[in-house]
Every structure is written in structure tokens, then in C-alpha cells.
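An overview of the molecular structure
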Amino acid sequence: MVQRLRLTERLRVDGGRGTRLVLVAAPAGFGKTTLLAQWLAATAMSECRVAWLALDPGDADPRRFLTHLVAAVQTAEPEAGVDAFAQLEADGDLPMEAALVSLINDLDVLAGPMVVALDDYHVIDATAVHEAVAFLVDHLPPQVTLAVATRADPPLALSRLRARGELVEVRAADLRFTTDEAERFLDDVMGLQLDPATVAALEARTEGWVAGLQLAALSARPHAGAAGGSEDVARFVEAFSGSHRFVLDYLVEEVLDHQPEEVRAFLLDTSILDQLTGGLCDAVTGRSDGQSMLEALERENLFVVPLDDARRWYRYHHLFADALRARLLGGQAHRVGGLHAAASRWLVQNGLLTDAVGHAIASGDHEYAAELVELALPDLRRRRQDRTLRGWLVALPAAVVRRRPLLATFVAWSRLSEGDVDGVEPWLDAAEDALGLPSSTIPTTDALAEAAREREAEARSLPAMIAVYRASVAQARGDVDDTVAHARRALALAGPEDHFPRGAAAGFAGLAAWAAGDLGTAVDTFTEAVASLHAAGMLADEIGATVVLANMWLARGRPVEARRLYERALSTAERQSGPVLPTTGDVHVGLADVLREQGDLEASAQHLEIGRALGDRGSLLENRHRWYTAAAGLLQATGDLDGAIAMLDQAEPLFRPGYFPDVRPIAAQRARVQIRQGRLDDARRWEDDRGIAPTDPPRYLAEYDQLTLARLLIADGHPRQALGLLDRIHDVAQAASRDGSVVEAGLVRALAHRANGDADAAAADLAAVLEIGVPAGYCRLFLDEGEPMAQLLGQVAREAAGGVCGHAEHLLAAGQRPSAQVPAGAVEEERLSERELEVLRLLATELSGPEIARQLFVSVNTLRTHTKHVFTKLDVNTRRAAVRRATDRGLL
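Residues numbered from 1 in each chain as written. Predicted model: local features only at pLDDT ≥ 70, side-chain atom pairs only at ≥ 80, totals over all residues. Heavy atoms only, no water.

Brief notes about the overall build of the protein chain
Looking only at helices and strands, one finds 48 helices and seven strands in the protein chain. C-alpha atoms of the protein chain, sized along the principal axes, occupy 115 × 70 × 55 Å. Within the protein chain, the fraction of its 892 residues that count as buried is 54%. In the protein chain, the share of contacts with a sequence separation of at least 24, taken over all contacts with a separation of at least 6, comes to 69%. (Helix = DSSP H or I, 4+ residues; strand = E, 2+ residues; numbered from the N terminus. Buried < 20%, exposed > 50% of the residue type's maximum accessible area, 1.4 Å probe, protein only. Contact = heavy atoms within 4.5 Å.)

Have a look at this one:
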């Protein structure tokens, strides 16, 4: 067995301490009997005697129950209950109270510390037996405790006992195996040697249900012995559900078949629901007892989990729900579509539009489902719930989607975000062809009024949005003229209140200017785009656009301004209530990269860790590669060049061409690290693949490649060729006021002069760019050039005067700071930081939010930020759920 000290210690009962009743209540297969056995074995070792009675349905007869109870007591104290036993054997009316009083008196006189355990109490349905047990609880001597294991709460005065502190309870949430317990069970008891990630996945899938783990282990054994080994087991765990043979058989035989017909029918009908409330259950079942039935199921511990303190919303245990659905599909598949349709209509009528969509799709009524998607689209797009929208549209027939211009346009956008540039325009053509076609089939109700108004506004601005997306395609193909032409057309089509299309059009005009190297126009235009998105109330898009604007400021040569934008965006994102915005992680990653550039490696690592913890939920698809490129920069700054290469290798397949000009190609970033490593053959292969030469004219989108080539020429012993290329890049960048390029070209030119033996020219070039670059916030751009730059900085620090000397000394000092620990790129479990653990411990107390903030000496907004990160990492939405999940994981 798996020893569960965290629970047996909780159950420890000392004679005279006031505990009258120990209640272990949970559904079938949660290990109630095993826990009682473990606890009572330890109790017996401490000279506390144990009387155990395993009940069966025949014990519902009061005489038989009392007879068996006395016999159980006599196994622990043979002299107790002799008179009571005699009374029970006598003919005539049952002297129940007299027999109980006699037994209790004997226990008071004869017994020391004792526990009387009643196992499987849920099989008792006789009022007389319940009354006898209630009498025992009220009158047992203080050194005797009654322990009850049951699937359903017994009809005893539990609230009174609880209020008096005379009740110790262990519920399903407590009995759930933690990941550590699951690992010991699966490895030591079931003989499976599973890796920690597989154990954690199986524990999550079964929600710690002990029987579920055992049944899963039995099912997994053939996979563990197969040729594929751990990979086969991992695939099995991913597919494991309540429809697996062992699980389904167990739940059907042990749970479902024991229920009355009306309960079975209710369970099967409502199994299609992810969340249950009384009215919704009534709509699906056609009955009127939904709320009372849910409350009864909870009392009966029938695998139902309350989702709020008011007991209005519930859900089924995942495997139980799977088993119910499998049973429903196996015997009543023809009813499933109608059940989903009824659920969808109720959810729509009650304003739960996004919840209604999935049921509408499952009902098979594709036109109705498509209209619901249209109605939900504006809100989900505003909150950037793109993955949800994509999933819905994939589930609908393409012909249905093409007939609805709003949906066809969104599909076009999703193709672009996935990097499928060629797949965009056919959907835009379909959207334009469908403009003006009637699509509404649902009467507008009060619950849908706001959604309907938003859809009409979206439809009015659709011609402008189609032009915006055509601009995006042109931008992705590097066609600056077409990008600008489509963006201008979008602005002409958009009305004065169409803030989103106006913002998007201005955004693509700004991106076109960026691609052309006109960073002044790019920043000004994109700043207008961010303001329009703010006016449209598109907060997630506004923050996402701010990330792009910050990158433009970096390209313009102003890391300080980029940092200001990131910090302001982060403050805005963290003030929002509800789930983390899907662009928050992108802000953390961008800020981490700027902080790295400024030399604050520790703070950079912290923000990268937060971005990693937020994962896909905090990042747009087109930005997923940026975490790895930022981590690569941080690893390079700490001297781990091999680690930087590995991160760039992971970034490359995640890169999606599309929205943004590719001004820092990942292949060139890798070549720069390879040059630092001395792997010049690898860098030369990059040069051949890119097809660039020292004689090429300067071009902004090729500038990063050309500056990389210049570094390769210097390392390869050709500094003169590098100088010619660098002079051209420097002059063009200076004429365009691209200070970032001026600084980089100048510092690489200084290295080229040094390699060419011209120390004075090298020092002069470096001094010039130090005056521009250091006040603007550059640090690692210089230091990442390695020892040659360090020697040049030392020369300037010795020979220069005034501010230039100070700038050189500042960089040299920054190079001596201790390195930060870089977050790993592939961590399975989202770990809480020490600060978040501290917040979590206080969340488990009775303190209010402001009280916790005062105790931590932080503002309420800062506390809200920490709490949001805790919720995200634990995958919960409420304080209570966070405490419960943390307890299960052993964090509390």
C-alpha cells in the first residue's frame, strides 16, 4: 500500500479530545477503506483498540445491525455488550435504546481508548439504523470515537458536530492522490516505471482518483511491456478516458447500475454538459428537478464537484463524465444531437453565448452553430481568444463558413497567423463574394442584443478589414507598394467610428514604412494604430501592438523608449481582472530582451521565466518563437554559446512569416553566435545559403545579414572588405536617422579598424558610437562582441576624456556583473516562484486581499498580479480552487 501520512495524521484521535465522529466520505474507488485500515492499524499500535464492522445491505435490519455492532465491539473488548447481546437475542419487540444504553455504559466502564469503525455505511437505507447511529454519536463516552466510511453523507447532525469541533472529515478532494503518491503507487505497487511527466499526466487525467489510477495502470501494463516502452505508455495516457474498458466496467457496475432509474436517466442526459446548473439540466432532461438532483448527487458523493460556494454550478469527475458519455453513445446515440441542441438554446437564452457554440456544433445544426460563432466573434476577437475561434471554424463545414463573410475573413486571418500566406487570398475572395448575403436565422433576444449590435458593426467595417488583410499579405511578401495601397484603401473604406480597421490599416502602413527602413514614419504611424486600438476597446490587440511599437523603437535605436512602452503595457495588462490576456507573455518576453540589452540580466531572466510560465496562453501564435530568441540572447550574454544555439534551433520552426518584417533573421542570429564560437565553416555555409556578398548595396531588410557578414569577414581575416560594406551601411543608416543601425555599424567598423591595425580609427569610431548608444540604453550590443571589444573599451577608457570615458567604464563594469540563471526552455511543470509561494500560503488563510497585501508590503494591484500568475500556473480560476490544487500538489 501507499502510506498516506498526511491523512492518517489528520485522523489521529486521542481519547478525551472531543472527536465524536470521523467521517470519510467519497465516491467509489477513492480509497476510503484503505485509509481507515492504515489509520486504525497505526491506532492499534498506540494501544487504542479497534472495533471494525463491514456493512452489507442485510445490516439495514436494526436487530441484525446492533447484533453485528456488539460482536465487533467484543473483538476489541470481550466483556463489553454482554447484556446488550442478551437483550438482542430475546424474543419480542427490539429494545433498541436499552441495548444501546447498555453497550455505551459497558464501554464507559470497561474500555480504554477505542475506535468503532463502520465501513460501507452507504448501503444502509433504514431510518431505525440511522437513529441508532445518531444515538451512539451523541452518547458514546469521550474515549470512544465512531468512524464511518461511506459513499454518501449519512443523515446525522453533521453541521452541529462540525460547529462543536467534534467532527473530523476527509472528503474526495482530500483522498485524491498527489503526484508523489501517484508515483509511489504506479511504480511500487503496480510495478510500472513511469517517467515523472507521464505520472503527472495520469494523475491529472484521473484527478487523483485511486481506482482510476489502478485501472489505468492495469490498462497500461501491456503498453509498458511493448517494444515502444515509455513512448507507448505516454500515448496511452494521453488517450486514456472513462471509456476505457476497465474504467467503464467499474463505473457502470459499481456506480451507475446501483442508482434508481430516474437518477441514471438524469446522469446520462446531463453527461453532455461540461458544467451543470439546475436550469440547464432541466432544459436538457425536460424535467424540473435539476437543482435538487444536483444537490442530492453531491450529498451522495456521486462524482459531482461543486464549482462555486453557492452550490449553483457543478461538474462531473472527468472520468465519470467520460464513462457516462460512452454509455449514452452506446445505447442512445440517436438522442445526443437533441440533448446538445437543448443545451445550446438554454445557454443562448441565458446570455452564455460562447458556451452555447460547442453544443450547437455538436448538435449537427451547422447553420445555427455558424450564426452563434458570428455573434460570439467580436467579443472573442477583442479578447484574442483566437484558438477557440479557430477550433470552432475547423469543426464547421467549409461551405458553411464561405457563405458567411465574417467567418471567411477570420479564416483568412488565421491562415496568415499560421504562416500560410498563399492560403489567405482565396478566403478573402470568398468573403467579398458573400458580402450582402442574408445570414441571420436566430431571432434577436434581449440576451443577444449586444452581440447582435457588435456583429452589425463588424459587418459594416468588413470591406475595410478585407483590405487590411490584403495589405497584410502584401507585407508578408515584401511588397511595400501594395501594402501601402491596400492600407490606404482600408482607411478610405473605414468610417470615423471604425476604430479597429482604422487602427489595423494604420498599423500595416507603419509596418510597410518599417520594412522600407523609414523608422520615423513607422513609429509615428504605428503610434496612431495603437491609439485607434485603444479607442476600439481592443485591449489585447492594443498591448500586442505595443510590443510591435517597442520593437520599432529598438530598431530606431532607443532601448530606453522601448522599455518604457513595455513597462506601461505590462502595468495595463496586470490591472485587468479575469484570465491573463493572451498578449501578456509577449510583453514579458519583449521586456526581458530589452533588460538584457541594458545589462540587467537577472531581471531579464525573471521576466523570461514569467513568459515561459504563461506559455501559449500568454502569447500570440506569430510571437511564439520570440521566447527562444530572447532566451538565446540571454544565454549568449552569460557566455553559454552552445545553449544559445540550441535555443535558436528551437525558435526556427516556430517562426511564422506574415505580419512583421523579418529584420533579425534567426539564421543570421545563429551565424553570429557561430562566429563567436570560431565555427567559421558553419557561418560560411550560412553566407552561401543567403547568397549575400560584400559588394551588395545597402538594403534595410538585408541590413542584419550584412552586418553579420561584416563580422564574418573580420573573423576570416578580410577587414578591408568589411570596412567598405560597413561604410555604406553606416552612411545610409545615418541619412535615414536609424540610430540603432548607426551604432551597430559603427562598433563593428571599430572592430574592423582594429583588425586592420588602425588603433586610432578604431578608438575614434568606438568613441562616436558610445556617445550615441550608451545614453540610449545599449550595453550588450557592445559586450557581446567579446574580448576584442573589451580591449577597445579599455583603450577608450584610458585615453578618452569626459563622457566617452565614463561610457566605456560603465560598459566594462557591466561586463563584470554576475550572470543570471536562464530559465530552461522545456520544463514540464509550471513552478511557482518563492514570492508566489508566499502569496499562495496567505491565500490559504482567512485574510482578505487588502490584508494580504499589507502583510506582504505590496499594493493591491501587485498582489492581484501575483495572484493571477499563481492561478495561471495552477490552472485554476478561484482562490479556493488554487488552495485545493496546491494542497493536492503538496505545495501547502
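Further notes follow.
Looking at the sheet that holds strand 3 (residues 114-119)
Spatially, the five strands line up as an open sheet ordered 2-3-4-1-5, and their pairing is parallel. Each having just a single partner strand, strand 2 (49-54) and strand 5 (167-170) make up the two edges of the open sheet. Sheet twist, expressed as the mean angle between neighbouring strand axes with direction ignored, is 15°. Two elements, strand 2 and strand 3, share six bridges in a ladder whose sense is parallel. (Pairing = 2+ DSSP bridges. Axes fitted to C-alpha atoms, helices over the stretch in contact; angles between N-to-C directions.)

A look at the nonpolar core
The biggest cluster of nonpolar side chains holds 142 residues, and the ones touching the most others in it are L267, L297, Y316, L372, W514 and M552. At eleven residues, helix 30 (residues 539-556) tops the list of elements feeding residues into this core. If we skip the residues at most four places from it in the chain, L267 touches L256, Q259, L297, L302, Y316, F320 and L324. Of all hydrophobic cores here, the second largest spans 48 residues; its members include I675, A762, A767 and L793. (Core = buried A, V, L, I, M, F, W, Y, C linked by side-chain atoms within 4.5 Å.)

Overview of the packing of helix 28 (residues 499-515) against helix 29 (residues 519-535)
Closest axis-to-axis distance for the helix 28/helix 29 pair is 7 Å, and the angle between their directions is 165°. Looking at the two axes, helix 28 sits roughly antiparallel to helix 29. Taken as a pair, helix 28 and helix 29 cross one another with a handedness that is left-handed. Side by side, helix 28 and helix 29 meet where H499, F500, R502, G503, A506, G507, A509, G510, L511, A513 and W514 of the first sit next to L519, T521, A522, T525, F526, A529, S532, L533 and A535 of the second. By residue class, the composition of the contact of helix 28 with helix 29 is twelve nonpolar, seven polar and one charged. (Parallel < 35°, antiparallel > 145°, perpendicular 65-115°, else oblique. Left-handed = near helix turned anticlockwise from the far one by under 90°. Nonpolar A, V, L, I, M, F, W, Y, C, P; charged D, E, K, R; others polar.)

Quick look at the packing of helix 36 (residues 666-677) against helix 37 (residues 680-690)
Where helix 36 meets helix 37, the axes come as close as 8 Å, and the angle between the chain directions of the two elements is 155°. In terms of orientation, helix 36 lies roughly antiparallel with respect to helix 37. Note that helix 36 runs across helix 37; the crossing there is left-handed. Side by side, helix 36 and helix 37 meet where A667, A668, A671, Q674 and I675 of the first sit next to L680, D682, A683 and W686 of the second.

Examining the side chain of S604
For S604, the position within the fold is in helix 33 (residues 601-614). For S604, a relative accessible area of 1% gives the class buried. Excluding anything up to four places from it in sequence, S604 contacts A592, L595, R596 and L634.

Brief notes about the pattern of salt bridges
The tally for this structure, following the rule as stated, stands at 52 salt bridges. The partner of R171 in a salt bridge is D153, and the shortest N-O contact between them spans 2.6 Å. With a gap of 18 residues between them, R171 in the loop between strand 5 and helix 8 (172-175) and D153 in the loop between strand 4 (144-150) and helix 7 (158-164) connect regions that are remote in the sequence. What makes D153 partly exposed here is its relative accessible area of 26%. Here D649 and R670 are joined by a salt bridge, their closest N and O atoms 3.0 Å apart. (Salt bridge = Lys/Arg side-chain N within 4 Å of Asp/Glu carboxyl O.)

Observations concerning the environment of G510
Turning to its location among the elements, G510 is positioned in helix 28. Measuring from C-alpha to C-alpha, the distance between G510 and G794 comes to 41 Å, with 284 residues separating the pair along the chain. Every residue in contact with G510, bar those within four places of it in the chain, is listed here: A522, T525, F526 and M552.

Some details on the pairing of strand 3
Here strand 3 lies mainly inside the structure; six of its six residues are buried. Because side chains alternate across strand 3, one face comprises the buried residues M114, V116 and L118, and the other comprises V115, A117 and D119, equally buried. Two elements, strand 3 and strand 4, share five bridges in a ladder whose sense is parallel. Note that in strand 4 the partner of V116 across the bridge is L146. The parallel pair strand 3 and strand 4, bridged by helix 6 (residues 127-139), forms a crossover whose chirality is right-handed. (Right-handed = clockwise from strand over helix to strand, strands pointing away.)

Brief notes about helix 33
Here helix 33 contains 14 residues, and its C-alpha end-to-end distance of 20 Å stays within 8% of the 20 Å for a straight helix at 1.5 Å per residue. Counted residue by residue, helix 33 has ten buried out of 14 residues, so it is predominantly covered. For helix 33, the set of buried residues is L601, A603, S604, A605, H607, L608, G611, R612, A613 and L614. Phi for G615, located one or two positions after helix 33, is positive at around 60°. (Expected span 1.5 Å × (residues − 1).)

Comments concerning the environment of G746
Along the polypeptide, G746 turns up in helix 40 (residues 739-755). Considered as a pair, G746 and A163 are 583 residues apart in the sequence and their alpha carbons are 77 Å apart. G746 has contacts with H730, D765 and V769, leaving out every residue within four places of it along the chain.

Details of unusual backbone geometry
Despite not being glycine, D120 shows a phi value in the positive range, around 60°. Residue position: D120 is located in the loop between strand 3 and helix 6. Residue class for D120 comes out partly exposed when judged on its relative accessible area of 29%. Positioned with a positive phi, S737 is a non-glycine residue whose angle comes to about 60°. Relative to the assigned elements, S737 resides in the loop between helix 39 (719-735) and helix 40.

Details of the packing of aromatic side chains
Throughout the structure, instances matching the rule amount to five aromatic pairs. Note on F30 and W209: the rings are 6.5 Å apart at their centroids and 40° apart in plane angle, and the pair reads as tilted. Of this pair, F30 sits in the loop between strand 1 (21-25) and helix 2 (32-45) while W209 sits in the loop between helix 10 (196-206) and helix 11 (210-224), and the two are 179 residues apart along the sequence. On the basis of relative accessibility, which here comes to 3%, the residue F30 falls in the buried class. According to the relative accessible area criterion, W209 is buried, its value standing at 0%. The side chain of R402 reaches across the aromatic face of W427, ending 4.7 Å from its centre. In this structure, R672 packs its charged tip against the face of Y704, placed 3.7 Å from the ring centre. (Phe/Tyr/Trp six-rings, centres within 6.5 Å; stacked < 30°, edge-to-face > 60°. Lys NZ or Arg CZ within 6 Å of the ring centre and 35° of its normal.)

Describing the state of the cysteines
Throughout the structure, instances matching the rule amount to zero disulfides. Distance from the sulfur of C779, which forms no disulfide, to the nearest cysteine sulfur (C805) is 16 Å. (Disulfide = S-S within 2.5 Å.)

Structural measurements only, silent on function.
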